[in-house]
Amino acid sequence: MMSPHSPAKPQTDYDAIVVGAGFAGLYMLHKLREIGLSARVFETGSDVGGTWFWNRYPGARCDVYSMEYSYSFDEQLQQEWVWTERYPAQPEILKYIEHVADRFDLRRDIQFDTRVTAAHFDEETGIWLVKTEDGTTVTACYCIMASGALSASRKPDFEGLDDFGGTWYHTGQWPHDPVDFTGQRVAVIGTGSSGIQVTPMVAQQAANLTVFQRTPNFSIPAWNYPLSNAEQENWKRQAAHHRATAKASKSGALYQYSQRSALEVSDEERQGEFDARWSHGGANFTHAFNDLFKNKAANDLAADYVRRKISEIVQNKDIAAKLTPTDHAIGTKRICVDTDYYATFNRANVALVDARATPIQRITKEGIETTDDFYPVDSIVFATGYDAVTGALTRIDIRGRAGKSLKDKWSDGPKTYLGIMVAGFPNLFTLTGPGSPSILTNVVMSIEQHVEWVGNCLIHMAREELQLIEADQQAEDEWVEHVREVANGTLHVHADSWYMGANIPGKPRVMLPYVGGLGVYTRICDEVAAEGYRGFIQSKTA
Ligand code: NAP
């Protein structure tokens, strides 16, 4: 505990403003209270949940195990909450987040239905002025962005969408009331994780469904199942051990990370390993060997295995060929985890359009026009993704020293120190920001690491009576270079993925998250702190 009013602090409305009330913002608020700081959270949605508040599309489900995709910071919470399935569905995750908000009485410091439009640092006073959509400005010492890595949804600018006579949806902004597609002609555009989840669900309802696929993706079956009490209790008994293992691992999750190369084992052993991983299900598949992300020849073996599976599942040879990814190494675009995705294309009411060979030209009142055909539809589901990692930050007018905007600073790619602070933007923290492992991991573990690091940093500032902390330019340059170098050692940089900013026209081609792994990253962050916040400029006055 520290005094909420250390002598170095200027008068402000709040000690900290937090932007966003998802997993990151909620734990940040709890942490700020714990260390004795006042805080206000601004949230665009009408309730808590962030990603899980907005993504209400049918089939929305996390592809990290429920026992792991949950907070570990409170032992009682972890022991008491009961999950019902191996992979949690969106309504259950939202219920869990709401429970956390109730349990820690978080809502009283959260202002809902409030979009933050600007955050400006005042150099003279050293405080942040945070402006919301209704024109109100509040002041704070610290501005903490918990705005999410996959929250700035993206609907491509298809010509004619305004004229569409039917209804359209984006998976990331789904209506609260359930949508009934019964009897409708429906189009799904996009075949990433969201498209792959929503497609089998819509196919069960719609009269006919047309999936517009630009790039085929690799997907591994989830083999979801109800969690038994015995499995859950067993996990909970070992929770401390499991959590420590996950946090020290590459992905923040309890995958079985192989120590062997795919190239050093016999064909039979390799086949056996892939079979076992396929039958187990989920993203664990991409850890079958230790060189799948680094060595193209090793990766090809894993990719070929999944390609063969697609050809076994999908009955029509032409459709199977269209669904088979050939343009990227497996895992370099986010691996998908599905329930019945490929098999859905065996249904008589489902069609697949190759939107690369025959791109969508425009949307008309009646439907979708491609370069060679017209598809009349009643509803369109955009599963077209996000301006990932940086979008939620650059959509806000964030200005640091000398009025310099974050968007301008990042015009040729995001630059941060440790993914959490930015040179020229004192006292601004970016939870799971670019240059941190964030969305390459079980993000709840990454969030806890960031929140705890920031909490300790703020305690350090109070103890040392500091007003400002700021990334040093050289430290930032070195970190950016390190993030780039580590990424260049992987196959990730060759794929046109959202990890690389490739899904947004004009976005700089930079690997956005840090590929070094959560365990390694945490050690680096801890060393930096232990060395008196090496690489940070710390000052007692503005
Ligand atoms: P995404 O992975 O970016 O996929 C967007 C899809 O839309 C891609 O197939 C893309 O094709 C397509 N697309 C974009 N513009 C298009 C156009 N003009 N014409 C035709 N197709 C177009 O987005 P997402 O599926 O929402 O997933 C984003 C991330 O959210 C995931 O990678 C994952 O990290 C997370 N997520 C996780 C889960 C889960 O836990 N199971 C579920 C949903 C989302 P191209 O590939 O050719 O660009």
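Just so it is clear, the structure is predicted and the values come from calculations on it, not from any experiment.

Caption draft 1: Here's a closer look at the sheet that holds strand S12 (residues 350-354). With parallel pairing, the five strands of this open sheet are ordered in space as S7-S16-S8-S9-S12. The open sheet terminates on both sides in strands that have one partner only, identified here as strand S7 (167-170) and S12. Between one strand axis and the next, the sheet turns through 20° on average, direction left out of account. Where S7 and strand S16 (residues 379-382) come together, four bridges link them in parallel fashion. When the bridges of S16 are listed, His170 appears paired with Phe382.

Caption draft 2: Structural detail: the packing of helix H1 (residues 23-34) against helix H14 (residues 443-463). The interhelical angle for the contact between H1 and H14, taken along N-to-C directions, is 30°, at an axis separation of 9 Å. As judged from the angle between their axes, H1 and H14 are roughly parallel. For the element pair H1 and H14, the recorded crossing hand is right-handed. When H1 is examined against H14, the residues Phe23, Ala24, Tyr27, Met28, Lys31 and Leu32 are found in contact with a partner set consisting of Val444, Ile447, Glu448, Val451, Glu452, Val454, Gly455 and Leu458. Its residues placed into classes, the contact of H1 with H14 shows ten nonpolar, one polar and three charged.

Caption draft 3: Structural view of the site of the ligand. Near the ligand you find 25 residues, and of these Ser194, Arg214, Thr215, Lys333 and Trp498 are the closest. In the environment of the ligand, a nitrogen atom lies 3.5 Å from a nitrogen or oxygen atom belonging to the side chain of Arg154. Relative to its unbound accessible area of 910 Å², the ligand is 90% covered by the protein chains. For the shell around the ligand, the element with the highest residue contribution is helix H5 (residues 193-205), accounting for three residues. Classifying every residue of the shell around the ligand gives nine nonpolar, nine polar and seven charged. Counting residues domain by domain, the shell around the ligand receives three or more from each of domain 1 (14-152 + 388-539) and domain 2 (161-382).

Caption draft 4: Representation of the environment of Pro216. Tracing the sequence through the fold places Pro216 in the loop between strand S9 (208-213) and strand S10 (219-221). Through-space distance from the C-alpha of Pro216 to that of Thr332 is 13 Å; in sequence the pair is 116 residues apart.

Caption draft 5: Structural view of the pairing of strand S2 (residues 39-42). The alternating pattern of S2 places Ala39 and Val41 and Arg40 and Phe42 on opposite faces, both of which are buried. Where strand S1 (residues 14-19) lies against S2, four bridges are found, and the strand directions are parallel. From the neighbouring strand, Val18 faces S2, where its bridge partner is Val41. Once the chain exits S1 it traverses H1 before rejoining the sheet at S2, and the crossover so formed is right-handed.

Caption draft 6: Layout of the state of the cysteines. Overall, the coordinates contain zero disulfides when judged by the stated rule. Free cysteine Cys143: the closest other cysteine sulfur is in Cys141, separated by 11 Å. Its sulfur unpaired, Cys336 is 13 Å from the next cysteine sulfur, which belongs to Cys62. Of the residues examined, Cys336 reaches a relative accessible area of 1% and is grouped as buried.

Caption draft 7: Main features of H1. A rise of 1.5 Å per residue sets the reference length of H1, with its twelve residues, at 16 Å; its end C-alpha atoms lie 17 Å apart and thus fit the reference within 8%. Counting buried positions along H1 gives ten out of twelve residues, so the element sits mostly inside the fold. Those residues of H1 that sit buried are Phe23, Ala24, Gly25, Leu26, Tyr27, Met28, Leu29, His30, Lys31 and Leu32. A positive phi of about 90° marks Gly36, the residue just after H1.

Caption draft 8: Fine view of the sheet that holds strand S13 (residues 360-363). Taking strand neighbours across the sheet as the criterion, the three strands line up as S13-S14-S15 in an open arrangement whose pairing is antiparallel. Looking at which strands have only one partner, the edges of the open sheet turn out to be S13 and strand S15 (374-376). When strand polarity is set aside, the average angle formed by the axes of neighbouring strands in this sheet is 20°. The sheet contact formed by strand S14 (residues 367-370) and S15 spans three bridges and is antiparallel. Bridged to Gly367 within S15 is Pro376.

The rules behind the values
- Residues numbered from 1 in each chain as written.
- Predicted model: local features only at pLDDT ≥ 70, side-chain atom pairs only at ≥ 80, totals over all residues.
- Heavy atoms only, no water.
- Pairing = 2+ DSSP bridges.
- Helix = DSSP H or I, 4+ residues; strand = E, 2+ residues; numbered from the N terminus.
- Axes fitted to C-alpha atoms, helices over the stretch in contact; angles between N-to-C directions.
- Parallel < 35°, antiparallel > 145°, perpendicular 65-115°, else oblique.
- Left-handed = near helix turned anticlockwise from the far one by under 90°.
- Contact = heavy atoms within 4.5 Å.
- Nonpolar A, V, L, I, M, F, W, Y, C, P; charged D, E, K, R; others polar.
- Near = heavy atom within 4 Å.
- Polar contact = N/O pair within 3.5 Å; in protein donor to acceptor, adjacent residues only side chain to side chain.
- Areas by Shrake-Rupley, 256 points an atom, 1.4 Å probe, with all protein chains shown as cover.
- Domains from an automatic or database assignment.
- Buried < 20%, exposed > 50% of the residue type's maximum accessible area, 1.4 Å probe, protein only.
- Right-handed = clockwise from strand over helix to strand, strands pointing away.
- Disulfide = S-S within 2.5 Å.
- Expected span 1.5 Å × (residues − 1).

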